Structure formats: C-alpha cells, structure tokens
Protein chains: 2
Amino acid sequence: MGTDHHATVRRHWETCEARDWEGLGDTVSADVVYEMPQTRERLRGREAYVRFNREYPGDWHLNITRVVADAEGAVSWANVTVGEEHLTGIAFFTFDDEGRIATVQDFWPEPYDPPAGRAQLAERA
Amino acid sequence: MGTDHHATVRRHWETCEARDWEGLGDTVSADVVYEMPQTRERLRGREAYVRFNREYPGDWHLNITRVVADAEGAVSWANVTVGEEHLTGIAFFTFDDEGRIATVQDFWPEPYDPPAGRAQLAERA
C-alpha cells in the first residue's frame, strides 16, 4: 500500500460504491475515526466504519467529481444519489504513516434560497 | 506571484478577514468565477467578487482550520462567525496559470439531527 493519497481516496469510494466491504476496510486504519460534524456523531474503528457504510439505507450511489490531496490530507466532492434524491457529499481525510485513512469528516450541504439583496450581483443557474 | 496554492488560499482569506479589498482582489483572476451550488448563484469577475465579499452583511469573521491543496486545486475549511452565529464554510478553488484563483465554489453545511437507527454505532459529541 503506497502513500498516494489521491489514489487511496478514489479507491475508498470505488470500493464503497462496489459494496466491496473488505476492500473498503483496507483503505482505512484499524482505529479510523469518523466524524459527522453536522450531527455531532462520531464512530471509531474499521469494523464500525465499514458497518456504518454497509448498513446505510437506500439505493445509494456515489460519483466522485473532485479529489484534492496533499501530504497531510485530502478532500473529496461526490455527487450522491439515494433513489431519486440528489445530494452533495464532501469528505475531509487525514492519513496514517502507512497511507491508510486515519480520520474522515463529512458534510452534506443542502440547497437553500439566496438571501434578498444580491440579485444584482449574481445570476442564477 | 508564485503558484503556491496553499499560500494563495490562506492569503485570500486573510485579506478578506482584514477587509483588505485590494489584497483580496490580487488573489483572484480578473475573470474569476464564483459559484454557490446550494443557491445556484454565480457571479463573474474580480470586481463583482470583491464587492460581494465587501457588502456581505453582518459582523463576520473567519478562521481557517484546514487547507488542502495540490497542483490542480485547493479546498479550505473555515469556522465563520456572524455575530453570535457559528457557521462552517467549505470552499473549493481552481487556479490560473499565474497561480491566481480562477474559480471558487463554496458550501455552507448546517447542523441537523441524526436519523434514527444508528445510535448503537455512533456516539455524540
């Protein structure tokens, strides 16, 4: 296992999308820590992390659109569908000395209406 | 101006926090494109971008907690306060050939309650 953080993040999500739970587990440290800052949830360890993903309900699929990575960490931007629902998932990663994922913190930003008073500056897609 | 994407992102937010609008403008391309995917807003050009930030209402302050950057792009994670309100701001960047910011896409994920059925896996902070 190398320390190519880009490749590790892509493999992480590819194994997840493929429901390859052993492969997914290989991308994370035995003592991986997963935090969901929006709900203040935290879970610890490879087994719990894989189980969380394995048991995540719905017909979910993810498509990675961007990965940014450097020596210290990485970030992925994914388009996720759960049935008819479209979501954006953003995950921050750090890595252990062997290049495995040591921490994951993810965010699920939702659509909202723009505040009044700036329509003269910004067009809408 | 170098092509150190880490440093450019930090300077981008430091000049913004300092209300140094000329300095902020120096960090972006003349034809920078700023997109807000949650509201589907988009604005174009250095002048509009600086004005958007200059006119953003409230006593806002930002503190950068993480920057991840590589040859293609960068991501920042900021803790933002607007008066008593605490927000998380995540911004994705790309750069032009001179190392200036060519595109910005930002996200403002909000707290929510965890769904039922996973309390056995995740503790709450």
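Residues numbered from 1 in each chain as written. Chains lettered and ligands numbered in written order. Predicted model: local features only at pLDDT ≥ 70, side-chain atom pairs only at ≥ 80, totals over all residues.

A. Molecular detail of the overall build of chain A. When helices and strands are counted, chain A shows 3 helices and 7 strands. Its helices and strands taken in sequence order, chain A reads α-α-β-β-α-β-β-β-β-β from the N to the C terminus. Dimensions along the principal axes, computed over C-alpha positions, put chain A at roughly 50 × 35 × 25 Å. A burial count over chain A gives 24% of its 125 residues as buried. Considering only contacts in chain A between residues 6 or more positions apart, those separated by 24 or more positions represent 42%. (Helix = DSSP H or I, 4+ residues; strand = E, 2+ residues; numbered from the N terminus. Buried ≥ 20, exposed ≤ 12 C-beta atoms within 10 Å, placed from the backbone. Contact = placed C-beta atoms within 7 Å.)

B. Quick peek at the environment of Tyr-56 of chain B. Positionally, Tyr-56 of chain B belongs in the loop between α3 (46–54) and β3 (60–69). Note: C-alpha distance between Tyr-56 of chain B and Glu-22 of chain B (34 residues apart in sequence) is 16 Å.

C. Main features of the interface of chain B and chain A. Residue-level contacts link 35 residues of chain B with 35 residues of chain A. When residues of the side of chain B that touches chain A are traced back to their parent elements, those giving at least two are β2 (41–44), α3, β3, β4 (73–82), β5 (85–95) and β7 (123–124) of chain B. In terms of residue count, β4 of chain B provides more of the side of chain B that touches chain A than any other element does, 4 residues in total. Relative to β2 of chain B, strand β7 (residues 123–124) of chain A runs antiparallel, the two being bridged by 2 bridges. Paired with Arg-124 of chain A across the strands is Glu-41 of chain B, a residue of β2 of chain B. (Pairing = 2+ DSSP bridges.)

D. Fine view of the pairing of β2 of chain B. All names here are of chain B. Relative to β2, strand β1 (residues 28–36) is paired through 4 bridges, and the arrangement is antiparallel. Across the sheet, residue Tyr-34 finds its bridge partner in β2, namely Leu-43. Between β1 and β2, which pair antiparallel in sequence order, lie 4 residues; one of them, Arg-40, sits at a positive phi of approximately 60°.

E. Molecular detail of helix α1 (residues 5–17) of chain B. Residue and element names in this part refer to chain B. With 13 residues, α1 extends 18 Å from end C-alpha to end C-alpha; this agrees with the ideal 18 Å at 1.5 Å per step. Residues His-5, Thr-8, Val-9, His-12, Trp-13 and Cys-16 constitute the buried set of α1. What you see down the axis of α1 is that its buried residues fit within an arc of 125°, all on one side. Tucked inside the fold, the buried residues of α1 contact α2 (21–26), α3, β3, β4, β5 and β6 (101–107). Within two residues after α1, Arg-19 carries a phi angle of roughly 55°, on the positive side. (Expected span 1.5 Å × (residues − 1). Arc of directions from axis to C-beta.)

F. How the structure looks around the sheet that holds strand β1 (residues 28–36) of chain A. If you walk across this open sheet you meet the 7 strands as β3(A)-β4(A)-β5(A)-β6(A)-β1(A)-β2(A)-β7(B), and the pairing is mixed. In this open sheet, the two strands that pair with only one neighbour each are β3 (60–69) of chain A together with β7 of chain B. The sheet contact formed by β1 of chain A and strand β6 (residues 101–107) of chain A spans 4 bridges and is parallel. By the bridge assignment, Tyr-34 of chain A is partnered in β6 of chain A with Val-104 of chain A. Seen against the sheet, helix α1 (residues 5–17) of chain A touches β3, β4 (73–82), β5 (85–95) and β6 of chain A and runs at an angle of roughly 175° to β3 of chain A. (Axes fitted to C-alpha atoms, helices over the stretch in contact; angles between N-to-C directions.)

G. How the structure looks around the nonpolar core. In terms of nonpolar packing, the biggest core is built from 44 residues, with Val-68 of chain A together with Val-68 of chain B touching the most fellow members. If near-sequence neighbours (up to four positions away) are discounted, Val-68 of chain A is found in contact with Ala-74 and Val-75 of chain A together with Val-68, Ala-69, Asp-70, Gly-73, Ala-74 and Val-75 of chain B. (Core = buried A, V, L, I, M, F, W, Y, C linked by C-beta atoms within 7 Å.)

H. Molecular detail of the sheet that holds β4 of chain B. In space, the 7 strands of this open sheet follow the order β7(A)-β2(B)-β1(B)-β6(B)-β5(B)-β4(B)-β3(B), with mixed pairing throughout. Sheet topology places β7 of chain A together with β3 of chain B at the edges, where each strand pairs with a single neighbour. Against the sheet, α1 of chain B makes contact with β3, β4, β5 and β6 of chain B, and its axis sits at roughly 175° relative to β3 of chain B, the strand it touches most. Packing of α3 of chain B onto the sheet brings it into contact with β1 and β2 of chain B, and relative to β1 of chain B it is tilted by some 55°.

I. A look at the environment of Thr-15 of chain B. All names here are of chain B. Here Thr-15 shows up in helix α1. With 19 C-beta atoms packed within 10 Å, Thr-15 lands in the partly exposed category. In the structure, Thr-15 is positioned 12 residues away from Thr-27 in sequence and 9.0 Å away in space, judged by C-alpha atoms. Beyond its immediate sequence surroundings of up to four residues, Thr-15 is in contact with Asp-20, Gly-23, Leu-24 and Thr-27.

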